[in-house]
Amino acid sequence: QKYGYYHCKDCNIRWESAYVWCVQGTNKVYFRQFCRTCQKSYNPYRVEDITCQSCKQTRCTCPVKMRHVDPKRPHRQDLCGRCKGKRLSCDSTFSFKYII
């Protein structure tokens, strides 16, 4: 799981997502995300590891993990290529095999 930056060239809308699924050890994206306005699917133009804002590490031992994501913000299943139309969401704790 990585963090991605998106841009819809048709609507000129930009968004970010902490639900970018890549091949392990690479930035090759498995699933596209959909623009909320025109519903066209896009790969992120930039992908990075989800890092702790305190220590700047991806896997840290900080007592309070300050990630550059908002865990309280709901995941938009209707715009996610991985879980769109599926019963379970990417933000659930279930294994990938149950999503497909």
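Refer to the preceding data block for the structure.
Predicted, not measured: the structure shown is a model, and the values here were computed from it.

**Comments concerning the sheet that holds strand β1 (residues 2-8)**
Okay, so step 1: The sheet built from three strands is open, its strands ordered β2-β1-β5 with antiparallel pairing. Two strands lie at the open edges of the sheet, namely β2 (13-20) and β5 (46-48), each paired on one side alone. Strand-to-strand twist across the sheet, computed as the mean angle between neighbouring axes with direction ignored, equals 20 degrees.
Okay, so step 2: For β1 and β2, the ladder comprises six bridges, and the chain directions are antiparallel. Looking at β2, one finds that His7 is bridged to Arg14.

**A few points about the side chain of Lys2**
Okay, so step 1: In this structure, Lys2 sits in strand β1.
Okay, so step 2: The exposure class assigned to Lys2 is buried, which follows from its relative accessible area of 15%.
Okay, so step 3: Among the polar contacts made by the side chain of Lys2, one reaches the side chain of Asn27 at a distance of 2.9 Å.
Okay, so step 4: A polar side-chain atom of Lys2 sits 3.0 Å from a polar atom in the side chain of Asp49.

What counts and what doesn't
- Residues numbered from 1 in each chain as written.
- Predicted model: local features only at pLDDT ≥ 70, side-chain atom pairs only at ≥ 80, totals over all residues.
- Heavy atoms only, no water.
- Pairing = 2+ DSSP bridges.
- Helix = DSSP H or I, 4+ residues; strand = E, 2+ residues; numbered from the N terminus.
- Axes fitted to C-alpha atoms, helices over the stretch in contact; angles between N-to-C directions.
- Buried < 20%, exposed > 50% of the residue type's maximum accessible area, 1.4 Å probe, protein only.
- Polar contact = N/O pair within 3.5 Å; in protein donor to acceptor, adjacent residues only side chain to side chain.

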